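# Structure at a glance
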Amino acid sequence: MADTAAGLLSLPSGLLELCALLGAPRDSLRGLQQVAHKRGMKNLSSLAPEVLSVFVPPFTTKEDGQVTGAVCTTLGKARRRSFRKKREKPRTEPWKGPLGDSKGPDSEDISIPGGVDLLALPQLCFPGGVCVASEPKDDYVHFLVLTDVCGNRTFGVVAQYYRPLHDEYCFYNGRTHQEPTVSSAGRFVPFAVCVVSRFPYYNSLKDCLSCLLTHLKLCKDFEVDNHIKDFAARLSLIPSPPPGPLHLIFNMKPLQVVFPSRADPESPIIDLDLHLPLLCFSPEKVLQILTCILTEQRIVFFSSDWALLTLVAECFMVYLHPLQWQHTFVPILSGQMLDFVMAPTSFLMGCHLDHFEEVNKEADGLVLIDIDHGSITCSRSSDKDMDIPDIPLLPAQTFIQRIQSLQLHPELHLAHLSSSTDLNEGRARHRAWQQMLNCKIQHITLQLLVSIFRDVRNHLNYEHRVFNSEEFLKTRAAGDQLFYKQVLDTYMFHSFLKARLNGRMDAFARMDLDTQSEEDRVDRMLISPRRPTVEKMASRKALPLHITHRRMVVSMPNLQDISLPELLPRNSSLRIMDTSCCRSSSPVLNVAPKSTYTFKIPEIHFPLVSQCVQAYYTDLITLLSKAMGLLGPGDSLLLARYFYLRGLVHLMQGQLLSALLDFQNLYKTDIGIFPADLVKRMVESMSASERAQAERMPELRRLITEVLDKPGEAPKADDAVKNFELPKKHMQLSDFVKRVQESGIVKDAVVIQRLFDALTVGHQKQIDPETFRDFYTCWKETEAEAQEVSLPALLMDHLDKNECVYKLSSSVKTNRGVGKIAMTQKRLFLLPEGRPGYVEIATFRNIEEVKSTMVVFLLLRIPTLKIKTVAKKEVFEANLKSECDLWHLMVKEMWAGKKLADDYKDPQYIQQALTNVLLMDAVVGTLQSPNAIYAASKLSYFDKMKNEMPMVVPKTTSETLKHRINPSAGETAPQAVDVLLYTPGRLDPAEKVEDAHPKLWCALNEGKVIVFDASSWTTHQHCFKVGASKVNCMVMAEHSQVWVGSEDSVIYIINVHSMSCNKQLTDHRAAVTGLVVQDGKKPSEVYSCSLDGTVLAWNVSTLRVTNRCQLQSSSLTSIILYSDRLWCCKPSSFFPRYFMACVLAQAWGHRGHSTVQEQLWVACSGHNELYIWSLKDPGQPPQRIHLQDCTEVSCMICVKRQIWVGGRGMSQGKPRGKIYVMDVEKKVVEKELVAHTDTVRTLCSAEDRYVLSGAGQEEGKIAIWKVE
């Protein structure tokens, strides 16, 4: 490879970025000793530390005679191995200096990793200074977090140890045979070894340094550098483990050191004991500290133990994941750095406890946290008490209960076990216990965050990236307002909002999805205006002081069944929360950590020359390959980690092609850990000959094409989150649509256009800011009023638990008493005044007639609403006066919506009618003019539809249709349903019970897939992406995978257990148009075809191509597997156009005969005919069947003895999506179903009991049909 490529690709570093030896300079020690000798001083004062040696990888170069030196010159970082501080050489003593050969250059030219400041490093490694001790001290370890100017962090572990001055091997002593002097006797000098890594391996690197110190204490002065260099070289050769379940083990002698991996690419590495803060602070104090971090205070930790400062601070960072601290983070400040705490911006720092009073006195506005005593205070110089709020009460109490249920002491957990006689076995036991405890603590803290911020999603507009903070705050309890006001203004929360709007599926999103209530899932499907349900009203009444906890718009789902105690007074200062009332029922968490595996890194042989390094790489590759060979076909998760590690090792060896092949295999095993940036740099750095060789390999050709030919994405501007604001200028239609969508009132652009017409009746077609503000205020006031509704207990028992009161009239006189008329999504009822109970007026389904009339009373003409029902002879009359016309419009709209919902088996009609009704109410309240009712009538969409263009649902359609669902619910416009797949329920041990329900997989445009729980038709997985192109086909394989064929030529594989898409098959070169599975044989096989005529056979277990076929002509549109034969559909002279559907079916003979007629049913693009071949004599011309009133056929499936044909045709003079149900034996149309308002795009069968159809973009709904 050319040398010019060296700048294009830098090798991924191992665990080590830098290793340094630090201590007092020799001259300082000598001078200080002489002073002490002259003055007879027993104690030596503190010295200024400095960097004595620095070791930076790589540790082998071409000068070492490396065989592959040319390769490493290209790929490696051209850096020297070590650095020695410049020192003056004694004139009369040409001996070898204590830190190496003094004849070397004064300062070697090395590249120090970014973020490591060698000038500040000595102060951080000796934060208390270098003090020569009069007696030996224990080794001491503490931890550092180093941040560069770009905010990138590196992590350091420092081990201090002491050597006696009089020791003949001391660093200071230059003469190996020098006799100890009286003045130097009993003096011990501290030195420090600092390891800097890009990864926070606190415990692991502590173990490594502990092993190193056992050697350094015994070695001679001239051997120290070599020992440290060998130690650093070992760490630099250990690759960092990829995200997932595989941990690496390395034998540092005598300890087996484990380097854990992060759980997933979005999670941090956890290599510390997360229960440390719980041992130092009470749960109440932990919550207060979390509040200080969430509100971005200026925080200073104090401890007499330097190690605890970093460990405790890092624990709190993990507690808040995925929220991230955005400000200065310096957990250790030396005495010379104390002025840092005077910074005016938010920060988190740490100081020794000796400086507590100084910081407390000099700095103002600080939160001072004493780790040693478990206390939290504010700095004394503050003018007033700091305004630090409390965490919301219910999440706080739940957190405290769960923390108190934890077992924080390993002795209690391990008491029943026999004593371990093996050091590493005992450490493994403790590590397993710690891993389980860490998992539980992470689960508890994540639940806390989800409880606090779950409702944020209800106030986000994803299309316009708007957060309505004002309305969100209105939904919070009065005692929680201060907390949310402060948190909402932080950088941390802003980044959290950006992640939500970007659809990031991080730990928060996954737990939010897993803990959603059934009501939340239904609400997500129906997208109805938010109101408290009867169930929530009942739970709210059960609270002793529910008024204090009143939510003005939305009630947070009650995730935990915890009865709230009497609300305590809440204040704005740091306080102790009394939780004695909730300690009696602490729930015990049963959260098991995910299974982990280990891989042992081979020994590294010394001396460290190129041959030894190459031997190490060879051994590592051999062990990785052997481990891969022992895996079963289903261990793809572990296999991916081995591929990743082997690819890194091949890259370190300079074997680019082998490395690319390993990384390419991640597509089939776990695309989530694919190192895209590294692979791109690898391809760009390849020489012409290597590039040509790679192009000849089918496995790499696609990978290189994607990397080089794919146009780079344009740099995106920062996707800032806007806060919702009322408009200040006049708005045309387009701007008005955007503003209403941002407000969260309505998303459907068509409905908003009707609202625009209503608000501009009799005016110029634009909305002024005052009108918009009045409308917005009316809408929100109506929402708030609905929260105040108090229903009798008897009525709540009668209503469905998901019913909500959407409208309440003023007190009116009716023929059934005086009271208020209430409207839910199902019925009308009267709340009488002066007596408990209720009076049922009517359900919308049973309404027969609605009239608005005038009743004469004395000389008055009183507007009266009359409602006649089917079941009752008596007509309900209500003297609604000025409200009569509005109620007349609203009741008729709800009546019409209910009728449409019943006729079309689509519950969304009633939800849309509710939205129309509430918009009418807001329009009347906004305009308050004589033509307000006329304006509101513009929104009476379903009533007009019923009266002006009634659509009679054919009887056959009505009887066959069972239900409709809308996968585009919540979107601004409908989306076409491209593919449907039903997967039956299966209680697999790997699944949760709720995940074992049958599922419906729905592919929308741009690779969007939504999964429904087919037992309740609620969303199981709201949305995830499989590429960005149209999905053409889906199939289930081995009950654990869903294969998705895309227009972008990729087959995406979804794991049905984890509901994640982490595997891709990239062997096709054109759009994947068909997938079929052969389940009869083991292992199962899947056949795929693409538009270019390629047919591939896949082993489902190994995801390898077992057979390949290339048809002569292209435009292969589908394949069918039948009787061990693969039938391929492509154009021919008979059918010059694309085949759209092809079905094989069996037709049984008449009664008394056992003959079976195998038939091939074919449909063609743009045609309204079906073609049927008999497979006994396929040479004969096919039988043609003309479909009446059909304009095109788009899909076709075989169900039992029927062929269901989907397409488009005419019904009642209008084009509609239609389904023709054909009898296989008679070859006639049994049923003609008017399915959708748009073309039927796809059909699928649900266990031969139901057929599901998906419509085009005009409607975008799914219909469920019963199979006879």
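Residues numbered from 1 in each chain as written. Predicted model: local features only at pLDDT ≥ 70, side-chain atom pairs only at ≥ 80, totals over all residues. Heavy atoms only, no water.

Turning our eyes to something else, we now look at the overall build of the protein chain. Counting its secondary structure elements, the protein chain contains 34 helices and 53 strands. Evaluated residue by residue, the protein chain yields a buried proportion of 56% over its 1268 residues. Pairs at least 24 apart in sequence give 61% of the contacts found in the protein chain among residues at least 6 apart. (Helix = DSSP H or I, 4+ residues; strand = E, 2+ residues; numbered from the N terminus. Buried < 20%, exposed > 50% of the residue type's maximum accessible area, 1.4 Å probe, protein only. Contact = heavy atoms within 4.5 Å.)

Strand order in the open sheet formed by four strands is β28-β53-β52-β51, with antiparallel pairing between adjacent strands. Each edge of the open sheet carries a strand with a single partner, namely β28 (961-965) and β51 (1240-1246). Along the sheet, successive strands turn relative to each other by an average axial angle of 20°, direction set aside. Relative to strand β53 (residues 1262-1266), β28 is paired through four bridges, and the arrangement is antiparallel. In the strand pairing of β53, Ile965 is matched with Ile1262. (Pairing = 2+ DSSP bridges. Axes fitted to C-alpha atoms, helices over the stretch in contact; angles between N-to-C directions.)

So, about the packing of helix α30 (residues 884-903) against helix α31 (residues 908-927). Orientation of α30 relative to α31, taken along the N-to-C sense of each, is 165°, at an axis distance of 8 Å. One way to sum up the angle between α30 and α31 is to call them roughly antiparallel. The two elements α30 and α31 cross, and the hand of that crossing is right-handed. Residues Leu886, Leu889, Met890, Glu893, Met894, Gly897, Lys898, Leu900 and Ala901 of α30 lie in contact with α31, whose contacting residues are Tyr909, Ile910, Ala913, Leu914, Asn916, Val917, Met920, Asp921 and Val924. Class assignment of the residues belonging to the contact of α30 with α31 gives a composition of 13 nonpolar, two polar and three charged. (Parallel < 35°, antiparallel > 145°, perpendicular 65-115°, else oblique. Left-handed = near helix turned anticlockwise from the far one by under 90°. Nonpolar A, V, L, I, M, F, W, Y, C, P; charged D, E, K, R; others polar.)

Turning our eyes to something else, we now look at the nonpolar core. Of all hydrophobic cores here, the largest spans 199 residues; its most connected members are Phe259, Ile293, Phe301, Val341, Phe453 and Phe663. Looking at this core, the element that brings in the most residues is helix α8 (residues 306-319), giving twelve residues. Beyond its immediate stretch of four places on either side in the chain, Phe259 contacts Leu15, Tyr201, Ser204, Leu205, Cys208, Leu235, Ile238, Pro241, His247, Leu248 and Phe250. Listed in part, the 69 residues of the second largest apolar core include Val751, Val761, Cys804 and Val850. (Core = buried A, V, L, I, M, F, W, Y, C linked by side-chain atoms within 4.5 Å.)

Next up on the list: the sheet that holds strand β33 (residues 1031-1037). Two pairing modes exist for strands in a sheet, parallel and antiparallel, and in both the strands are linked by backbone hydrogen bonds. On the basis of which strands lie adjacent, the open sheet formed by four strands has the order β33-β34-β35-β36 and antiparallel pairing. One side of each edge strand has no neighbouring strand; the edge strands of this open sheet are β33 and β36 (1060-1065). The mean angle between the axes of side-by-side strands here comes to 25°, regardless of whether they run parallel or antiparallel. For strand β35 (residues 1051-1055) and β36, the ladder comprises five bridges, and the chain directions are antiparallel. Within the sheet, the bridge partner assigned to Asn1055 lies in β36 and is Ser1060.

Before going further, it helps to examine the side chain of Thr291. Checked against the element boundaries, Thr291 lands in helix α7 (residues 283-294). On the accessibility criterion, Thr291 (1% relative accessible area) is buried. Contact partners of Thr291, with chain neighbours within four places excluded, come to Ile388, Pro389, Asp390, Ile391 and Phe483.

Here the focus is the environment of Leu368. Along the chain, the position of Leu368 falls in strand β14 (residues 366-370). Overall, the relative accessible area of 0% leaves Leu368 in the buried class. The spacing of Leu368 and Phe356 is twelve residues in sequence and 8.2 Å in space, taken between C-alpha atoms. With near-sequence residues (within four places) excluded, Leu368 lies in contact with Val300, Phe302, Phe356, Val359, Asn360, Ser375, Ile376, Thr377, Cys378 and Ser379.

This paragraph deals with helix α16 (residues 507-514). Within α16, six of the eight residues are buried, which leaves it mostly tucked inside the rest of the structure. You can read the cap of α16 off the contacts: a side-chain oxygen lies 3.3 Å from the backbone nitrogen of Phe508, and it is on Asp506. (Polar contact = N/O pair within 3.5 Å; in protein donor to acceptor, adjacent residues only side chain to side chain.)

Another aspect to go through is helix α19 (residues 610-629). Helix length check: α19 (20 residues) gives 28 Å between terminal C-alpha atoms against 28 Å at 1.5 Å per residue, within 8%. Restricting attention to buried positions, one finds in α19 the residues Ser610, Cys612, Val613, Gln614, Tyr616, Tyr617, Leu620, Ile621, Leu624, Ala627 and Met628. Contacts from the buried residues of α19 go to α5 (224-237), β18 (597-600) and α20 (636-652). (Expected span 1.5 Å × (residues − 1).)

Another aspect to go through is the side chain of Ser937. The residue Ser937 is located in helix α32 (residues 932-937) in this model. For Ser937, the side chain forms a polar contact with the main-chain oxygen of Tyr934, separated by 2.4 Å. Residues contacting Ser937, with those up to four places away along its chain left out, are Leu889 and Lys944.

To continue, consider the pattern of salt bridges. What the rule picks out here adds up to 38 salt bridges. A salt bridge links Arg646 to Asp662, with the nearest nitrogen and oxygen atoms 2.7 Å apart. Placement of Arg646 in helix α20 and of Asp662 in helix α21 (residues 656-664) is noted, with a sequence separation of 16 residues between them. According to the relative accessible area criterion, Asp662 is buried, its value standing at 2%. Residue Arg1249 is joined to Glu1247 by a salt bridge in which the shortest nitrogen-to-oxygen separation is 3.6 Å. (Salt bridge = Lys/Arg side-chain N within 4 Å of Asp/Glu carboxyl O.)

A word on the pairing of strand β13 (residues 347-352). Along β13, six of the six residues are buried, which leaves the element largely enclosed by surrounding structure. Of the two faces of β13, the one lined by Phe347, Met349 and Cys351 and the one lined by Leu348, Gly350 and His352 are each fully buried. Examined bridge by bridge, strand β11 (residues 298-303) and β13 share six bridges and lie parallel to one another. Within the sheet, the bridge partner assigned to Arg298 lies in β13 and is Phe347. The sheet contact formed by strand β12 (residues 328-330) and β13 spans three bridges and is parallel. When the bridges of β13 are listed, Thr328 appears paired with Phe347.

We now examine the packing of α7 against helix α10 (residues 393-404). Where α7 meets α10, the closest approach of the two axes is 9 Å, and the angle between their N-to-C directions is 130°. In terms of orientation, α7 and α10 fall into the oblique class. Of the two possible hands of crossing, α7 and α10 adopt the one that is right-handed. Here α7 contributes Pro283, Glu284, Val286 and Leu287 to the contact with α10, which in turn contributes Ala396, Phe399, Ile400, Ile403 and Gln404. Across the contact of α7 with α10, the residue classes break down as seven nonpolar, one polar and one charged.

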